[in-house]
Amino acid sequence: MVYNKDTTEYIEMVQTAITEEQMAAKLSLQGLKLGFIGAGNMAESIVRGLTKSGILSPSSILTASIFDDRVDLFRSMGVEIVKNNTQIVERSDIVVVSVKPQIVKEVLLEVKPVIRPNHLLVSIASGIKLKTMQDWSGHGRLIRVMPNTPSAVSHGASVMCLGEEATDDDREKVGSIFGAIGKVWKDVKEECFDGVTGLSGSGPAYIFLAIEAMADGGVAAGLPRDLALSLATQTVYGAAAMVRETGKHPGELKDSVASPSGTTIAAIRELERGGFRGVLMNAVIASANRSRDLS
Ligand SMILES: NC(=O)C1=CN([C@@H]2O[C@H](COP(=O)(O)OP(=O)(O)OC[C@H]3O[C@@H](n4cnc5c(N)ncnc54)[C@H](OP(=O)(O)O)[C@@H]3O)[C@@H](O)[C@H]2O)C=CC1
Ligand SMILES: O=C(O)[C@@H]1CCC=N1
């Protein structure tokens with residue numbers, strides 16, 4: 001089986017391995033209820049990823065919203081809809097605070113009376129520090145996470161940092177949840193969170209912009225729009241996979257595309273002239289600074 005070169009069989013083997021790994025995580029989360037305060041874009045991405053992973057049944061997930069379209073969307077994924085934030089906390093073991101940073105204080109003060117010692121609070125809000133969360137909620141069993149939207153398709157990047165009363169078991173459970181929807185870095189220092197937000201939290205948006213712009217370039221060069229968009233998408237996906245799977249420095253991989261006096265180096269010259277690297281670096285820093293402002 002291992003030596004069978006048939007592509008279909010190989011894929012089946014990989015899927016079995018993932019399923020076994022996730023099975024252990026699934027067992028550790030059995031019977032657990034996961035609530036989301038804030039049924040927005042990031043909560044949706046996490047729930048989509050979790051539903052896909054099979055690690056938690058959608059009926060173990062709860063949320064609430066005053067908007068019918070959000071209720072309908074989460075209900076269509078099998079999520080239980082409750083009346084309000086208080087009910088989410090009362091009915092959940094782990095509560096993910098997934099509202100905008102500016103709303104976190106209001107929401108925590110609202111649910112504070114029903115938070116019990118057995119609750120684990122997880123905040124994904126950018127900029128809001130663990131200490132601030134603890135002051136507002138009166139609860140120290142906290143974990144801060146910075147995820148990103150590719151979690152919806154099982155390719156998320158999430159980092160975690162534990163509050164002072166979070167246990168090893170809490171770390172494992174939250175690590176399993178975010179590990180099921182992508183890669184997770186479990187013990188990142190809180191001082192890194194603004195930089196993480198600037199890089200991986202906001203980062204998908206920079207790449208969506210890049211894909212759109214590359215496709216536009218293809219159209220300008222005469223390609224049909226659908227072919228241009230598909231090629232741009234596959235090129236970004238393939239380049240990311242190459243960096244990840246070869247372990248080579250991106251500079252070395254770039255050099256291997258650029259032939260002497262060829263097409264790529266002509267394009268790179270334009271990118272450098274336009275300040276491509278500096279622009280990307282400044283984008284990460286701008287997002288990190290905004291995250292710092294929010295705290
Ligand atoms: N989007 C992303 O890529 C990422 C987001 N985050 C963090 O996740 C959090 C949510 O972001 P995102 O999902 O993009 O934002 P959204 O605005 O899409 O989601 C927030 C949701 O909370 C709802 N809401 C507002 N007030 C309340 C309230 N009092 N009680 C309950 N729900 C309420 C909002 O409803 P309404 O629309 O009516 O305001 C909205 O549906 C933010 O703190 C953000 O920093 C972290 C990583 C990545
Ligand atoms: O734009 C935002 O504020 C959120 C935080 C990280 C990604 N999106």
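Residues numbered from 1 in each chain as written. Chains lettered and ligands numbered in written order. Predicted model: local features only at pLDDT ≥ 70, side-chain atom pairs only at ≥ 80, totals over all residues.

Let me state the cut-off plainly: UniProt positions are given in the numbering used here, feature names are shortened, and annotations may be inferred rather than shown by experiment.
The protein chain is annotated in an unreviewed UniProt entry as Pyrroline-5-carboxylate reductase from Zostera marina. Annotation of the protein chain in UniProt includes, under Pathway (unreviewed entry), the sentence "Amino-acid biosynthesis; L-proline biosynthesis; L-proline from L-glutamate 5-semialdehyde: step 1/1."

A look at the packing of helix H9 (residues 203-220) against helix H10 (residues 225-246)
Quick reminder of the rule: A fitted line through C-alpha atoms represents every axis, and for helices the fit uses only the stretch in contact; the resulting angles, taken between N-to-C directions, go from 0 to 180 degrees. Counting from the N terminus, the helices are the DSSP runs of H or I reaching at least four residues and the strands are the DSSP runs of E reaching at least two. Should an angle fall under 35 degrees it is taken as roughly parallel, and over 145 as roughly antiparallel, whereas 65 to 115 is taken as roughly perpendicular and any remaining angle as oblique. For any pair of crossing helices, the crossing counts as left-handed if the nearer helix is rotated counterclockwise from the farther one by less than a right angle, and right-handed if it is rotated clockwise. In this description, any two residues whose backbone-derived C-beta atoms lie within 7 Å of each other are considered to be in contact. Throughout, the ten residues Ala, Val, Leu, Ile, Met, Phe, Trp, Tyr, Cys and Pro are labelled nonpolar, Asp, Glu, Lys and Arg are labelled charged, and all others, Gly among them, are labelled polar.
Relative orientation of the contacting elements H9 and H10 amounts to 135 degrees, with a least axis distance of 8 Å. When the axis of H9 is compared with that of H10, the two are oblique. In the crossing of H9 with H10, the sense of the turn from one axis to the other is right-handed. On the side of H9, the interface is formed by Ile207, Ala210, Ile211, Met214, Ala215, Gly218 and Val219, while H10 contributes Arg225, Ala228, Leu229, Leu231, Ala232, Thr233 and Val236. Looking at side-chain class alone, the contact of H9 with H10 contains 11 nonpolar, 2 polar and 1 charged residues.

Focus on the UniProt feature "binding site: NADP(+)" (unreviewed entry) in the protein chain
Residues given the UniProt feature "binding site: NADP(+)" (unreviewed entry) here are Ile37, Gly38, Ala39, Gly40, Asn41, Met42 and Ser65. Spanning 29 residues, the named residues nonetheless gather at one spot, since no C-alpha pair among them exceeds 14.2 Å. Inspection of the secondary structure assignment puts Ala39 in the loop between strand E1 (34-37) and helix H2 (41-53). Those residues in contact with Ala39, other than ones at most four positions away along the chain, are Thr63, Ala64, Ser65, Arg70 and Phe74. Not counting residues within four places of it along the chain, the set of residues in contact with Ser65 comprises Ala39, Arg70 and Val71.

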